[in-house]
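# Topology and contacts: notes
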Amino acid sequence: MFNVVIQLGAIFAVVILYFNKLNPFEGKKTRKEFLATIELWKKVIIGCIPAIVGGLLLNDFMDEYFNKAIVIATTLIVYGIAFIVIERRHKTVEPRIHSFEELDYVTAIKIGLFQTLALIPGTSRSGSTIIGGLLTGVSRKIAVEFSFFMGIPIMLGSSALKIVKYGFRYSSSEIMYLAVALVTTFIISMIVVRFLIDYLKKHDFQLFGWYRIILALVMICCFMIK
């Protein structure tokens, strides 16, 4: 529950950073911009449907049988290799979608199907959706931002589900731990999201792929020593 709920801090950071883009009722928006924002939210919600269904059906099963060190290490490596291979391939491939207006509902659902892979521990929700976006012809910037936006309903729903399952039985120390973790995650996410958007203007995800592989190898070594 703690691992899921603290990710709300990251979601709050995304909401703050993209508030004007995500808020259809922002005062300076024209009628056209208002409708475009509503359309964006429709695509986000539709894209989240596969993960919502998959999470309700498979969440407990995945936690019980797949939340193991070897599974996490394996998915870290697999996704790391995927990022490296996809980015190298994309050096010669021109994305067909460069804006949210060009992002159609079918592509949103396809990305949503990739998001369901995040039910497997170690895959990363954002990693799954970004890979899905790149493979379906979405530009890197739009894939990253759409991944951020899809995280809002998914993480709100996941956190609510975990809190309800926990039964609202919280001691004062547990509430303090959650509050400190949420604030910390929010602050770090504000910094990291801004950095990532600036970083992607000149770089790709290959470094992130290598990071995942190295992290998995360190994890395996620690597991073997232990």
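These remarks concern the structure in this document. Just so you know, these numbers come straight off a predicted model, no measurement behind them. (Residues numbered from 1 in each chain as written. Predicted model: local features only at pLDDT ≥ 70, side-chain atom pairs only at ≥ 80, totals over all residues. Heavy atoms only, no water.)

### Overview of the side chain of Thr-129
Residue placement: Thr-129 occurs in helix H7 (residues 125–135). For Thr-129, the side chain forms a polar contact with the side chain of Ser-147, separated by 2.6 Å. Apart from residues no more than four positions distant in its own chain, Thr-129 is found in contact with Ile-111, Gln-115, Ser-147 and Met-150. (Helix = DSSP H or I, 4+ residues; strand = E, 2+ residues; numbered from the N terminus. Polar contact = N/O pair within 3.5 Å; in protein donor to acceptor, adjacent residues only side chain to side chain. Contact = heavy atoms within 4.5 Å.)

### Description of the packing of helix H5 (residues 69–90) against H7
When two helices pack together, their arrangement is given by the angle between their axes and by how far apart the axes lie. Here H5 crosses H7 at 25°, and the two axes come no closer than 11 Å. By the angle between their directions, the pair H5 and H7 is classed as roughly parallel. As for the relative orientation of H5 and H7, their crossing is left-handed in sense. Contacts between H5 and H7 pair Tyr-79, Ala-82, Phe-83, Ile-86, Glu-87, Arg-89 and His-90 from the former with Gly-127, Ser-128, Ile-130, Ile-131, Leu-134 and Leu-135 from the latter. Of the residues belonging to the contact of H5 with H7, the class tally is eight nonpolar, three polar and two charged. (Axes fitted to C-alpha atoms, helices over the stretch in contact; angles between N-to-C directions. Parallel < 35°, antiparallel > 145°, perpendicular 65-115°, else oblique. Left-handed = near helix turned anticlockwise from the far one by under 90°. Nonpolar A, V, L, I, M, F, W, Y, C, P; charged D, E, K, R; others polar.)

### Topic: the nonpolar core
Core analysis: the largest hydrophobic core is formed by 36 residues, its most contacted members being Tyr-18, Phe-146, Phe-148 and Phe-149. Of all the secondary-structure elements, those providing two or more residues to this core are helix H2 (8–17), helix H4 (31–65), H5, helix H6 (105–115), H7, helix H8 (140–166) and helix H9 (172–199). When neighbours within four sequence positions are excluded, Phe-149 is seen to be in contact with Val-14, Tyr-18, Lys-21, Leu-22, Leu-40, Val-44 and Phe-100. Formed by five residues, the second largest nonpolar core is a distinct cluster that contains Val-5, Ile-6, Leu-8 and Leu-178. (Core = buried A, V, L, I, M, F, W, Y, C linked by side-chain atoms within 4.5 Å. Buried < 20%, exposed > 50% of the residue type's maximum accessible area, 1.4 Å probe, protein only.)

### Digging into a nonpolar patch on the surface
Among the surface-exposed residues, Ile-49, Ile-52, Val-53, Leu-56, Leu-57, Leu-58, Phe-61, Tyr-65 and Leu-161 lie close enough to one another that they form a single nonpolar patch of about 860 Å² accessible area. Considering each element in turn, the nonpolar patch owes the most residues, eight residues, to H4. Structurally, Leu-56 can be placed in helix H4. (Patch = residues over 30% accessible without salt bridge, like charges linked within 9 Å, V, L, I, M, F, W, Y side chains within 5 Å. Areas by Shrake-Rupley, 256 points an atom, 1.4 Å probe, with all protein chains shown as cover. Salt bridge = Lys/Arg side-chain N within 4 Å of Asp/Glu carboxyl O.)

### Overview of the layout of surface pockets
Its volume calculated, the second largest pocket comes out at about 210 Å³. Around the second largest pocket, the lining residues are Lys-21, Lys-29, Glu-33, Ala-36, Thr-37, Glu-39, Leu-40, Lys-43, Phe-100, Glu-101 and Ile-142. The element contributing the most residues to the lining of the second largest pocket is H4, with six residues. Considered class by class, the residues forming the lining of the second largest pocket number four nonpolar, one polar and six charged. (1 Å grid on protein atoms, 1.4 Å probe; cavity = no way out; pocket = protein on both sides within 12 Å on 5 of 7 lines; lining within 4 Å. Points joined across faces, edges and corners; volume = space filled by probe spheres on them.)

### Focus on the packing of aromatic side chains
Enumeration according to the criterion identifies twelve aromatic pairs in this entry. Here Phe-61 and Phe-66 contribute two aromatic rings whose centre-to-centre distance is 5.9 Å and whose plane-to-plane angle is 55°, an arrangement assigned as tilted. Look at Phe-61 and you get partly exposed, because its relative accessible area is 42%. Assessed through its relative accessible area of 29%, Phe-66 is described here as partly exposed. Between Phe-205 and Phe-208 the ring centres are 6.4 Å apart and the planes differ by 65°, which places this aromatic pair in the edge-to-face class. Its relative accessible area of 6% is what places Phe-205 among the buried residues. Phe-208 gets classed as partly exposed once you look at its relative accessible area, which sits at 31%. Taken together through their ring pairs, the aromatic side chains of Tyr-18, Phe-100, Phe-146, Phe-148 and Phe-149 make up a single cluster. (Phe/Tyr/Trp six-rings, centres within 6.5 Å; stacked < 30°, edge-to-face > 60°.)

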